[in-house]
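Commentary on secondary and tertiary structure
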Amino acid sequence: MKPVVSAWNWLARPSLTFHLLLGLVADLLAGYFIFRAHLQLFGPLNRLSLLDWIVTYGIHNLDTTWWFFLFLLLLAGLVLNTLACTINRLAAWVRPGRPPADRLGHWLALAPHLMHIAFIIILVSHLVNYVVGVNDQNNILRQGDSLRLPGSATQLRLERVENDFYAGERLKVYQNRPLSQRVWLTFSQADGQRTVKAVGINSPIWQEGFSIHLKSYAPDHQGGMKRTPFVNLIIRKDPGIRLFAAGTALFVVGLLVYLVQVLRNGTRKDHREMTA
């Protein structure tokens with residue numbers, strides 16, 4: 001039991017936090033230059049899950065990807081260190097004893113712990129997205145073509161492309177260019193149910209937990225050679241998005257509680273100085 005306690009106390013040391021952060025900075029600094037020099041190796045991270053990238057690119061190029069695996073290791077160490085430190089502080093906070101003289105101050109002292117827990121939740125949400133999420137790039141469809149949503153029986157079909165073109169003359173740069181667009185897609189489910197939705201630039205749509213984003217399309221201008229309507233879609237599924245939202249909300253709550261604590265302590269200090 002004693003070795004376990006010693007290991008736990010070592011894991012919760014603030015000095016370990018400092019060394020892990022220092023290691024992360026040094027590792028990311030080296031990774032920045034390696035990444036820039038090998039974009040063709042790290043670029044697929046934008047369209048592959050983390051596990052797929054590791055087995056196809058990462059482990060076969062360890063002379064270049066070592067910094068990325070070290071980054072994951074250091075980040076995991078930082079999460080464990082933060083978790084151990086937070087558990088120790090929370091255990092001290094809830095330890096039975098005499099009621100605190102300043103009950104409000106006692107509760108406000110939770111602020112940093114809330115932010116630490118939120119930090120862990122946000123990191124876990126990103127891990128979930130990278131491990132089991134979907135990031136399917138460059139799905140090109142011509143008008144009338146269909147594709148199947150990843151891991152689903154639902155078919156997606158491109159129906160038509162509509163544009164709202166600029167009709168004025170003052171802004172030359174917008175002439176013959178669309179101000180907005182509507183790309184109409186039909187989703188056909190296995191039970192025969194059909195849903196029609198319109199996606200646009202910076203206007204994604206959602207279907208069965210997937211988000212559909214418009215990357216490019218045609219026709220995207222008026223006049224000139226007639227082009228066959230087509231779209232280039234990005235299909236994403238982020239199962240960790242709810243965890244991320246919860247972590248972000250918790251961090252905001254912790255930050256607001258900490259602000260109240262700082263303002264309250266400052267007011268009480270001023271009051272003591274005035275009455276001294």
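Description of the sheet that holds strand β3 (residues 155-165)
If you walk across this open sheet you meet the four strands as β2-β3-β4-β5, and the pairing is antiparallel. The sheet is open, and its two edges are formed by β2 (146-148) and β5 (194-199), each paired on a single side. If you compare each strand with its neighbour and ignore which way they point, the axes differ by 30° on average.

Looking at the nonpolar core
Counting residues in hydrophobic clusters, the biggest one holds 18 residues, and the most contacted among them are L156, V183, L185, I212, V231 and L233. Those elements giving two or more residues to this core turn out to be β3, β4 (178-188), β7 (210-218) and β8 (230-237). The element best represented in this core is β7, accounting for four residues. Contacts of I212, omitting those with residues within four sequence positions, involve L149, L156, L185, F187, V199, P204, I205, L233, I234 and I235.

Quick look at the pattern of salt bridges
Within this structure, the stated rule accounts for six salt bridges. Here E162 ties to R182 by a salt bridge, and the two come within 3.2 Å at their closest N and O atoms. Taken together, the residues E162 in strand β3 and R182 in strand β4 connect sequence positions 20 residues apart. Among the salt bridges present, the one from D164 reaches R182, with a minimum N-O distance of 2.7 Å. Residue D164 is located in strand β3, and its partner R182 is located in strand β4; the two are separated by 18 residues in the primary sequence. One network of salt bridges, with partners in common, ties together R160, E162, D164 and R182.

Looking at the packing of aromatic side chains
The description of an aromatic ring pair uses the distance of the two centres, along with the angle that the planes make with each other. Summed over the entire model, instances satisfying the criterion amount to 10 aromatic pairs. Between Y32 and F33, the aromatic rings sit 5.1 Å apart at their centres with planes inclined by 80°, giving edge-to-face as the arrangement. A residue is classified by how much of its surface remains accessible, and Y32, at 45% relative accessible area, is partly exposed. Using a relative accessible area of 54% as the deciding quantity, one classes F33 as exposed. Each ring, one from F42 and one from W67, has its centre 5.5 Å from the other, and the planes form 50°; the classification is tilted. Within this pair, whereas F42 is found in helix α3 (residues 39-42), its partner W67 is found in helix α5 (residues 62-93), the two being separated by 25 residues in sequence. What makes F42 buried here is its relative accessible area of 2%. Judged by relative accessible area, which is 8%, W67 ranks as buried.

A closer look at the confidence of the model for the protein
Per-residue confidence for the protein averages 87 on the pLDDT scale, and 93% of its residues sit at or above 70. At the level of individual helices and strands, the protein shows its lowest average pLDDT in helix α6 (residues 103-108), which scores 81, and its highest in helix α2 (residues 14-37), which scores 95.

Details of the sheet that holds strand β6 (residues 205-207)
Ordered by their spatial adjacency, four strands build an open sheet running β1-β8-β7-β6, and the pairing between neighbours is antiparallel. Of all strands in the sheet, those bounded by a partner on one side alone are β1 (134-142) and β6. Between one strand axis and the next, the sheet turns through 30° on average, direction left out of account.

Conventions adopted
Residues numbered from 1 in each chain as written. Predicted model: local features only at pLDDT ≥ 70, side-chain atom pairs only at ≥ 80, totals over all residues. Heavy atoms only, no water. Pairing = 2+ DSSP bridges. Helix = DSSP H or I, 4+ residues; strand = E, 2+ residues; numbered from the N terminus. Axes fitted to C-alpha atoms, helices over the stretch in contact; angles between N-to-C directions. Core = buried A, V, L, I, M, F, W, Y, C linked by side-chain atoms within 4.5 Å. Buried < 20%, exposed > 50% of the residue type's maximum accessible area, 1.4 Å probe, protein only. Contact = heavy atoms within 4.5 Å. Salt bridge = Lys/Arg side-chain N within 4 Å of Asp/Glu carboxyl O. Phe/Tyr/Trp six-rings, centres within 6.5 Å; stacked < 30°, edge-to-face > 60°. pLDDT = per-residue confidence, 0-100.

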